[in-house]
Amino acid sequence: MTPFDIALTLIIAAGAGSGLVFIEVLIQWSLRKARPSPPPRPQAAIPPAAEPAEALPAQYVAPPLAVREPVRIGLGLRKTRENFLARIRAALTGSAKIDDIYEGLEEALIAADVGVEASMKIASAVRAKLGNDNRPDAIRDALKAEIATILMSAERRPADSGDAPLVIMLVGVNGVGKTTTVAKLAARLKTERGSVIVAAADTFRAAAIEQLEVWCDRAGADIIKQSQGSDPAAVAFDAVKAAIARKTRTVLIDTAGRLQTKVNLMEELKKIARVVARELPGAPHETWLVLDANTGQNALSQAAIFGDAVPLTGVVLAKLDSTAKGGVVVAVADRLKIPVRFVGLGEAIEDLREFDAREFVDALFASDGAGEQSASGSYAA
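These numbers were taken from a predicted model, which means no experiment stands behind them.

*Asks:* Even after reading the chapter, I still don't get the side chain of Arg 341, so can you show me in this structure?
*Replies:* Tracing the backbone through its elements, the reader meets Arg 341 in strand 7 (residues 340–344). Residue classification places Arg 341 among the buried residues on the basis of a relative accessible area of 10%. Among the polar contacts listed, one links the side chain of Arg 341 to the backbone oxygen of Arg 156, at a separation of 2.8 Å. Other than its neighbours up to four places away in sequence, Arg 341 contacts Arg 156, Arg 157, Pro 158, Glu 286, Trp 288, Thr 313, Gly 314, Val 315, Arg 353, Glu 354 and Phe 355.

Listed below in structure tokens is the structure:
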């Protein structure tokens with residue numbers, strides 16, 4: 001066999017082998033195509049990214065109730081002070097004659113409702129102290145000191161009931177602000193002493209009990225009541241008995257407003273005092289007369305007759321902010337010799353101020369600007 005033939009044979013054999021390889025590859029591809037493809041491998045579901053949670057609103061907290069500071073005594077005495085100081089200035093600068101000066105002083109005091117008797121007494125005391133000294137500042141200072149002496153001479157410490165409830169009875173004519181004064185006292189005494197019971201012993205006036213209930217609710221005080229027309233002494237008795245059982249610190253007895261000329265109603269006050277004393281010896285420990293500062297000198301006649309029915313241990317002077325007759329404070333101290341316990345300087349429950357003689361005198365003689373700023377003093381009503 002020639003070399004050519006051998007080469008041709010190898011070429012043919014290589015071609016045949018390549019064809020067989022091709023055919024084998026084609027067959028495998030066909031078989032793979034016919035075989036069903038395996039199901040896709042399940043993939044774990046990827047949760048969607050969580051949206052950021054909205055911030056929960058903070059729990060709403062109501063703002064605290066605005067608490068107004070009690071009215072300053074200087075503001076409450078504005079009308080009295082303006083009238084009084086104008087007359088004092090006129091008396092001190094109008095004439096250099098001693099007689100004219102002291103006559104003017106008496107007129108200024110009387111116009112402020114200090115009263116004729118007390119006004120003459122004060123002017124005489126100032127003149128006796130200064131003699132012929134007519135310097136305005138000296139006279140003014142001596143006048144201020146004399147009024148302070150009268151007010152402080154009537155002061156005395158409040159009653160001490162020890163471990164027993166302190167029983168305070170409030171009396172007065174109709175319309176002086178007695179019921180609202182009771183409520184203001186209840187709020188104050190609850191803060192100072194603890195629990196308070198109010199006896200709704202004004203069973204005569206229509207809606208008096210309902211009015212007192214509203215005030216007691218505002219003041220946070222308990223109330224003992226009966227139906228309208230009930231025996232006031234029985235209401236007071238129940239209140240004191242309840243206070244003893246509950247160990248309540250204070251009892252306030254609101255009595256019916258009555259004219260001081262009505263003998264039978266004044267006798268009712270005596271009965272209340274007797275009944276209360278039987279349940280708690282020594283009670284009522286305090287009996288305070290509530291006066292309207294606008295009544296001026298008529299307040300003295302009220303006090304004298306109420307004092308004949310029950311022993312008065314103090315005065316609460318209501319509505320002092322609405323009058324130019326604030327000098328009645330001096331008249332009460334001079335004539336009755338009983339202390340002014342509180343003065344009312346507004347309608348709000350915190351506008352009852354504890355009376356302080358020095359503070360009162362400072363505010364009475366202060367200039368207009370200083371009068372409104374003066375004497376932050378003790379709290380009150």
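*Asks:* What should I look at first to understand the packing of helix 4 (residues 98–111) against helix 5 (residues 116–130) in this one?
*Replies:* What describes two packed helices is the angle between their axes and the distance between those same axes. At a closest axis distance of 9 Å, the pairing of helix 4 and helix 5 adopts a crossing angle of 145°. As helix 4 packs across helix 5, the resulting crossing turns out to be right-handed. Taken together, the residues of helix 5 that come into contact with helix 4 (itself represented by Ile 98, Asp 99, Tyr 102, Glu 106, Leu 109 and Ile 110) are Val 116, Ser 119, Met 120, Ile 122, Ala 123, Val 126, Arg 127 and Leu 130. Split into classes, the residues belonging to the contact of helix 4 with helix 5 amount to 10 nonpolar, 1 polar and 3 charged.

*Asks:* It is not clear to me how the sheet that holds strand 2 (residues 196–201) should be interpreted in this structure. Could you clarify?
*Replies:* Two modes of strand pairing occur in sheets, parallel and antiparallel, and in both the strands are linked by backbone hydrogen bonds. Pairing is mixed in the open sheet, where 8 strands are placed in the order 3-2-4-1-5-6-7-8. In the strand order of this sheet, the two ends are held by strand 3 (222–224) and strand 8 (352–354), each with one partner. Each neighbouring strand pair of the sheet contributes to a mean axis angle of 25°, computed without reference to strand direction. Relative to strand 6 (residues 314–318), strand 5 (residues 286–292) is paired through 5 bridges, and the arrangement is parallel. Paired with Trp 288 across the strands is Gly 314, a residue of strand 6. The strands touched by helix 7 (residues 178–193) within the sheet are strand 1 (166–171), strand 2, strand 4 (250–255), strand 5, strand 6, strand 7 and strand 8, with strand 4 carrying the most contacts at an inclination of about 180°. Of the strands in this sheet, strand 1 and strand 5 touch helix 11 (residues 298–309), which is tilted by about 155° from strand 5.

*Asks:* Explanation requested: the confidence of the model for the protein in the structure shown.
*Replies:* When pLDDT drops low, the exact placement of atoms in the prediction is not to be read closely. On average, the protein scores 81 in pLDDT, and the residues at 70 or more come to 76%. Across residues 42–67 the pLDDT falls below 50, and counting only partners more than four positions away or on other chains, this stretch makes 0 contacts in the model.

*Asks:* Could you clarify how one ought to interpret the pattern of salt bridges in this entry?
*Replies:* Pairs can form between side chains of opposite charge whenever their charged atoms are close. Enumeration according to the criterion identifies 16 salt bridges in this entry. The partner of Asp 133 in a salt bridge is Arg 135, with the nearest N and O atoms 2.7 Å apart. On the basis of relative accessible area, Arg 135 is assigned to the exposed category, the value being 52%. Across the salt bridge formed by Lys 144 and Asp 362, the nearest N and O atoms sit 3.1 Å from each other. Linking Lys 144 in helix 6 (residues 136–153) with Asp 362 in helix 13 (residues 357–365), this pair joins segments that are 218 residues apart in sequence. Judged by relative accessible area, which is 29%, Asp 362 ranks as partly exposed.

*Asks:* Would you mind showing me how to read the nonpolar core here?
*Replies:* It is characteristic of soluble globular proteins that their nonpolar side chains tend to be buried jointly. The biggest cluster of nonpolar side chains holds 108 residues, and the ones touching the most others in it are Phe 84, Leu 143, Ile 147, Leu 151, Leu 252 and Ile 253. Those residues within four positions of Phe 84 in sequence are excluded, and the remaining contacts are Ala 108, Leu 109, Ala 112, Leu 143, Ile 147, Leu 364 and Phe 365.

*Asks:* Where do I start with the environment of Val 198 in this structure?
*Replies:* With respect to the secondary-structure elements, Val 198 resides in strand 2. Val 198 sits in the buried class, given a relative accessible area of 0%. Excluding residues that lie within four positions of it along the chain, Val 198 makes contacts with Val 182, Ala 186, Leu 212, Cys 216, Ala 221, Asp 222, Ile 223, Ile 224 and Leu 252.

*Asks:* What's the story with helix 12 (residues 328–336) in this structure? I'm lost.
*Replies:* Of all 9 residues in helix 12, 7 are buried, a share of seventy percent or more. Burial in helix 12 covers these residues: Val 328, Val 329, Val 330, Ala 331, Val 332, Ala 333 and Asp 334. Phi turns positive, to about 60°, at Lys 337, one or two residues after helix 12.

*Asks:* It is not clear to me how the pairing of strand 6 should be interpreted in this structure. Could you clarify?
*Replies:* For strand 6, the tally of buried residues reaches 5 of 5 residues, placing the bulk of the element in the interior. Burial along strand 6 is two-sided: Gly 314, Val 316 and Ala 318 facing one way and Val 315 and Leu 317 facing the other are all buried. Assessed by its sense of winding, the connection that carries the chain from strand 5 through helix 11 to strand 6 is right-handed. Traced from strand 6 through helix 12 to strand 7, the parallel crossover comes out right-handed.

*Asks:* Would you take a moment to explain the pairing of strand 4 for this structure?
*Replies:* Where a strand is regular, its side chains alternate between the two sheet faces. Burial of strand 4 is extensive: 6 of the 6 residues sit out of reach of the surface. Here strand 4 shows no split at all, with Thr 250, Leu 252 and Asp 254 on one side and Val 251, Ile 253 and Thr 255 on the other all buried. Across 5 bridges, strand 1 lies against strand 4 in parallel orientation. What sits directly across from Met 169, in strand 4, is Ile 253. Across 6 bridges, strand 2 lies against strand 4 in parallel orientation.

*Asks:* Looking at this structure, how should I read the packing of aromatic side chains?
*Replies:* Counted according to the given criterion, the structure contains 3 aromatic pairs. With 5.4 Å between their ring centres and 90° between their planes, Phe 84 and Phe 365 make a pair best called edge-to-face. Pair noted here: Phe 84 is in helix 3 (residues 78–94) and Phe 365 is in helix 13, with a separation of 281 residues, a long-range link. A residue is classified by how much of its surface remains accessible, and Phe 84, at 2% relative accessible area, is buried. Residues Phe 355 and Phe 360 carry aromatic rings whose centres are separated by 5.4 Å and whose planes lie at 50° to one another, so their mutual orientation is tilted. Phe 360 shares its class with Phe 355; the two are buried.

Cut-off values and rules
- Residues numbered from 1 in each chain as written.
- Predicted model: local features only at pLDDT ≥ 70, side-chain atom pairs only at ≥ 80, totals over all residues.
- Heavy atoms only, no water.
- Helix = DSSP H or I, 4+ residues; strand = E, 2+ residues; numbered from the N terminus.
- Buried < 20%, exposed > 50% of the residue type's maximum accessible area, 1.4 Å probe, protein only.
- Polar contact = N/O pair within 3.5 Å; in protein donor to acceptor, adjacent residues only side chain to side chain.
- Contact = heavy atoms within 4.5 Å.
- Axes fitted to C-alpha atoms, helices over the stretch in contact; angles between N-to-C directions.
- Left-handed = near helix turned anticlockwise from the far one by under 90°.
- Nonpolar A, V, L, I, M, F, W, Y, C, P; charged D, E, K, R; others polar.
- Pairing = 2+ DSSP bridges.
- pLDDT = per-residue confidence, 0-100.
- Salt bridge = Lys/Arg side-chain N within 4 Å of Asp/Glu carboxyl O.
- Core = buried A, V, L, I, M, F, W, Y, C linked by side-chain atoms within 4.5 Å.
- Right-handed = clockwise from strand over helix to strand, strands pointing away.
- Phe/Tyr/Trp six-rings, centres within 6.5 Å; stacked < 30°, edge-to-face > 60°.

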